[in-house]
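# Residue-level structure breakdown
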Amino acid sequence: MHKCVRIFSLIESRKWFTVDGRQRLCHPLPSVGVGHMWVQIMFKTSGGRRPKKKTYYRVNELDRVMELQKKPSLILRLKSIIQSQKNQCLLLRDLEKEVGFVQKWNFMGIIEKYPSIFRVTGGNRTPPMVMLAEKADKVALEEGEARTQMEPILVKNLRKLLMLSVDCMLPLETIQLIENELGLPSDFEQSLVPKYPQFFSVKDVNGRTFLQLENWDSSLAVTAREERLVHEGVLTSKVQARILKDGNYVGPFAFQLRYPAGFRPNVNYLKEVQKWQKMEFPSPYLNARRFELADPKAQKRVVAVLHEFLSLTMEKRLTSGQIDAFHSEFRLPARLLLCLIKHHGINL
């Protein structure tokens, strides 16, 4: 309750008073013998209108993809667990040790629903166990061959990922969070890293294990956006480009935009987008310590870092939690989700 009770001399029955910097309408109380007591009953504010609530538009296609991804992720995880076993099979009683008591039942449902992928054997005196079905086993072998052929690409992307960080080094546990998204094998720290000592080294820093880049390669410090612009001839073209109604602009510092179907940007919004699209910014491969985050060019550079980060993944997507795990190494803004919302519509 506001402290608005004051004693005034006898004046008119109703009056506006300024108390604590605000105008307040008061009434007299006749029960007071000397003078009158004035009690606030309402406010008269001079503030502006309530700010309009922002409307955010969901991409329904992406929501459907993420929903469909849940079951394959369980299947792939169970496949990896089975392949990690010595005999390429897993006792059902040991499933709880691998995935926990709650998730165990989700995996049991997956095993029952997809007999063409998982085969259960055993019974009577033999404990039941699960293994890959014949067709699934063939597909797994083909996947191994594909990973071998992709190894040069995986090594290149891992080097570029380290080059994006401020010290060219990342915690191994952080990389493991996105190893599937990068296409890396689950044991990349044993199977891949030791094969390339000229590129990578593992070191211990304050009790944490880090993967460090051994040599900087300037030829890799080219973003996927710049490669696309070179391919399209934008960087060599001298034709004056104009900004389209959807905010797209053919320029050396512009990003491709594609807004959700329900989003209709107004004129003022497009003017800000045009100004932002033309703004120059430093390369995301330059050390982030050289720039002040308050600088608009440095803020646009953060968008370029996120753009390049996503381009290194297999499906060009990550969750906000996975991105935030690289917060300190990439010098990302404190309010990362707001940054992503503010610059929505950027296309890879």
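This one's a predicted model, so the numbers in the text were calculated from it and none came from an experiment.

Here the phi dihedral of Gln-88 falls at roughly 60°; this positive angle occurs in a residue that is not glycine. Here Gln-88 lies in the loop between α2 (70-84) and β5 (89-91). Residue Gln-88 is classed as partly exposed on the basis of its relative accessible area of 39%. In this structure, Lys-316 takes a positive phi of about 60° despite not being glycine. Locating Lys-316 in the fold gives a position in the loop between α11 (296-311) and α12 (320-324). Of the residues examined, Lys-316 reaches a relative accessible area of 41% and is grouped as partly exposed.

This next bit is on the sheet that holds strand β10 (residues 208-213). Pairing within the open sheet is antiparallel, and its three strands lie in the order β8-β10-β9. Here the strands that pair on one side only, and so sit at the sheet edges, are β8 (169-171) and β9 (200-205). The mean angle between the axes of side-by-side strands here comes to 30°, regardless of whether they run parallel or antiparallel. Examined bridge by bridge, β9 and β10 share six bridges and lie antiparallel to one another. Bridged to Val-202 within β10 is Leu-211. Lying over the sheet, helix α5 (residues 134-164) contacts β8, β9 and β10, oriented at roughly 105° with respect to β10.

What follows covers the packing of aromatic side chains. One pass over the full model with this rule turns up 10 aromatic pairs. Relative to Phe-330, the ring of Phe-309 lies with its centre 5.2 Å away and its plane at 85°, an arrangement referred to as edge-to-face. You can see Phe-309 sitting in helix α11 and its partner Phe-330 sitting in helix α13 (residues 327-330), a full 21 residues away along the chain. Taking the relative accessible area as the measure of exposure, Phe-309 reaches 1% and is therefore buried. Residue class for Phe-330 comes out buried when judged on its relative accessible area of 2%. Summarising the aromatic geometry, the rings of Phe-326 and Phe-330 are spaced 5.3 Å apart at their centres and angled 20° between planes, so their arrangement reads as stacked.

To continue, consider the nonpolar core. One finds Phe-200 and Phe-330 to be the most contacted residues of the largest nonpolar core, which totals 37 residues. Here this core takes seven residues from α5, the largest share from any one element. Residues in contact with Phe-200, not counting those within four places in the same chain, are Val-155, Leu-158, Arg-159, Leu-162, Val-193, Leu-211, Gln-212 and Glu-214. Residues Ile-81, Ile-110, Phe-118 and Val-130 belong to the second largest nonpolar core, which totals 17 residues.

A few words now on α11. For α11, with 16 residues, the first-to-last C-alpha span of 23 Å sits near the 22 Å given by 1.5 Å per residue. Counting buried positions along α11 gives 13 out of 16 residues, so the element sits mostly inside the fold.

Reading the values: rules and limits
- Residues numbered from 1 in each chain as written.
- Predicted model: local features only at pLDDT ≥ 70, side-chain atom pairs only at ≥ 80, totals over all residues.
- Heavy atoms only, no water.
- Helix = DSSP H or I, 4+ residues; strand = E, 2+ residues; numbered from the N terminus.
- Buried < 20%, exposed > 50% of the residue type's maximum accessible area, 1.4 Å probe, protein only.
- Pairing = 2+ DSSP bridges.
- Axes fitted to C-alpha atoms, helices over the stretch in contact; angles between N-to-C directions.
- Contact = heavy atoms within 4.5 Å.
- Phe/Tyr/Trp six-rings, centres within 6.5 Å; stacked < 30°, edge-to-face > 60°.
- Core = buried A, V, L, I, M, F, W, Y, C linked by side-chain atoms within 4.5 Å.
- Expected span 1.5 Å × (residues − 1).

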